[in-house]
Amino acid sequence: MYYNENTVIYLDGKFVKANEASTDLYSQTMHYGYGVFEGIRAYAVENGTQVFKAEEHYDRLKKSAELINIPFDYNVQGLIEVTYELLKRNNLTDAYVRPLVFCDPNMSLARPNNVSIMICAWEWGAYLGDKQLRLTVSSYCRPHPRSIKIEAKVCGHYVNSILATNEAKDKGFDEALLLDSDGYLAEGPGANLFFEKDDVLFTPQLGNILPGITRATVLELAEELGIKVEQGLFKPEALAAADSAFYCGTAAEVIGIESVDDKKFPKAWNETLGKKLKDAYSKRVRQPKAVQEQL
Ligand code: PMP
């Protein structure tokens, strides 16, 4: 599904066949989750393909590495060029791009001297599907920001996301909603949360969540559309009393939430601020960058 015999990936300065590429099983990342990654999307635009918010994603990859002391000697512009070349070599236009920075063999807990970078890409439909989601509040909370660097996209952090996702699915829901360790609304396993009440949008403030690039785009779009947004700490009761809600993330894009623990939101999705923003987001990702920057 992710690759076939013709797929090419980028690995440490070279384009190589995915099924011929190899790595060391003693990598510190494999054993301890000590590595960083990104999730990026490219979209078909007028004359080719365009990587959406490419700089923001590679800047975050660099920041994630720096936050956890993983050496990062790559040039952001260079990585963007590599990404376009990778898409070209794989004949991809609409695609999901996954860069991963992983560490050399090292069974100790000391920081590594050397790292590798791989970038792969594949066609991937909307991660959470297209229908509105039935969520459940997870029994897992997001990791405490004093335990890890919550604003970094670190491989090991995703054990928390995997546990929450599978718990939700095992209970018959589509997806989980995680609170922070103080019981405030945080985010989904791979997406940020917004909710609407009386024509105002609310979203958890930064601090206990991953600073989503889609979240930032939604905030930009809301401003352009004259939608008021409040960022803060909100209890689950605020969400329970909301008119509507949605998740957003690179993989999930903007997706409506139907219910939380079987309590349905009262507003019809087509009339929500989320639907307006979903339409605006779908349009924005396919606008040429020069046009995006003028808006
Ligand atoms: N929160 C978490 C935990 C995530 O994994 C993601 C996906 N990267 C997001 C939020 C959304 O971030 P972005 O919009 O940058 O994809």
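Residues numbered from 1 in each chain as written. Predicted model: local features only at pLDDT ≥ 70, side-chain atom pairs only at ≥ 80, totals over all residues. Heavy atoms only, no water.

The condition that has to hold: UniProt positions are given in the numbering used here, feature names are shortened, and annotations may be inferred rather than shown by experiment.
Per an unreviewed UniProt entry, the protein goes by the name Branched-chain-amino-acid aminotransferase and belongs to Winogradskyella epiphytica. Under the Function (unreviewed entry) heading, UniProt states for the protein: "Acts on leucine, isoleucine and valine." Regarding the protein, the relevant UniProt record gives this comment under Cofactor (unreviewed entry): "pyridoxal 5'-phosphate".

## Let's talk about the overall build of the protein
Quick reminder of the rule: Here a helix means four or more residues in a row that DSSP labels H or I, a strand means two or more in a row labelled E, and each is numbered from the N terminus. When a residue's accessible area, from a 1.4 Å probe over protein chains only, is under 20% of the maximum for its type it is buried; when over 50% it is exposed; and in between it is partly exposed. Here, residues are in contact when the closest pair of their heavy atoms is within 4.5 Å. Working definition of accessibility: Shrake-Rupley area with a 1.4 Å probe, residue cover restricted to the visible protein chains. Residues scored as charged are limited to Lys and Arg (positive) and Asp and Glu (negative), so that His and the chain ends carry no count. Every charge is mapped onto a representative atom, which is NZ of Lys, CZ of Arg, CG of Asp or CD of Glu.
Check the secondary structure of the protein and you find 8 helices and 16 strands. Along the first, second and third principal axes, the C-alpha atoms of the protein reach 55 × 45 × 30 Å. Put simply, the protein has 295 residues, and 51% of those count as buried. Sequence separation of at least 24 residues holds for 71% of the intrachain contacts in the protein that already meet a minimum separation of 6. As presented, the protein carries roughly 14,300 Å² of accessible surface, and 49% of it is formed by carbon and sulfur atoms. Both charge centroids of the protein, one from 33 positive and one from 41 negative side chains, sit 1 Å from each other.

## Comments concerning the pairing of strand β15 (residues 253-260)
Stated formally: Here the rule is simple: two strands pair whenever DSSP picks up at least two bridges between them.
In terms of burial, β15 is largely enclosed, as 6 of its 8 residues are buried. Here 3 bridges tie strand β8 (residues 133-141) to β15, and the two strands are oriented parallel to one another. In the strand pairing of β15, Leu 135 is matched with Val 260. Where strand β14 (residues 244-249) and β15 come together, 4 bridges link them in antiparallel fashion. Residue pairing for β15: Phe 246 is matched across the bridge by Gly 256. Remark: 3 residues form the turn of the hairpin made by β14 and β15, two consecutive strands paired antiparallel.

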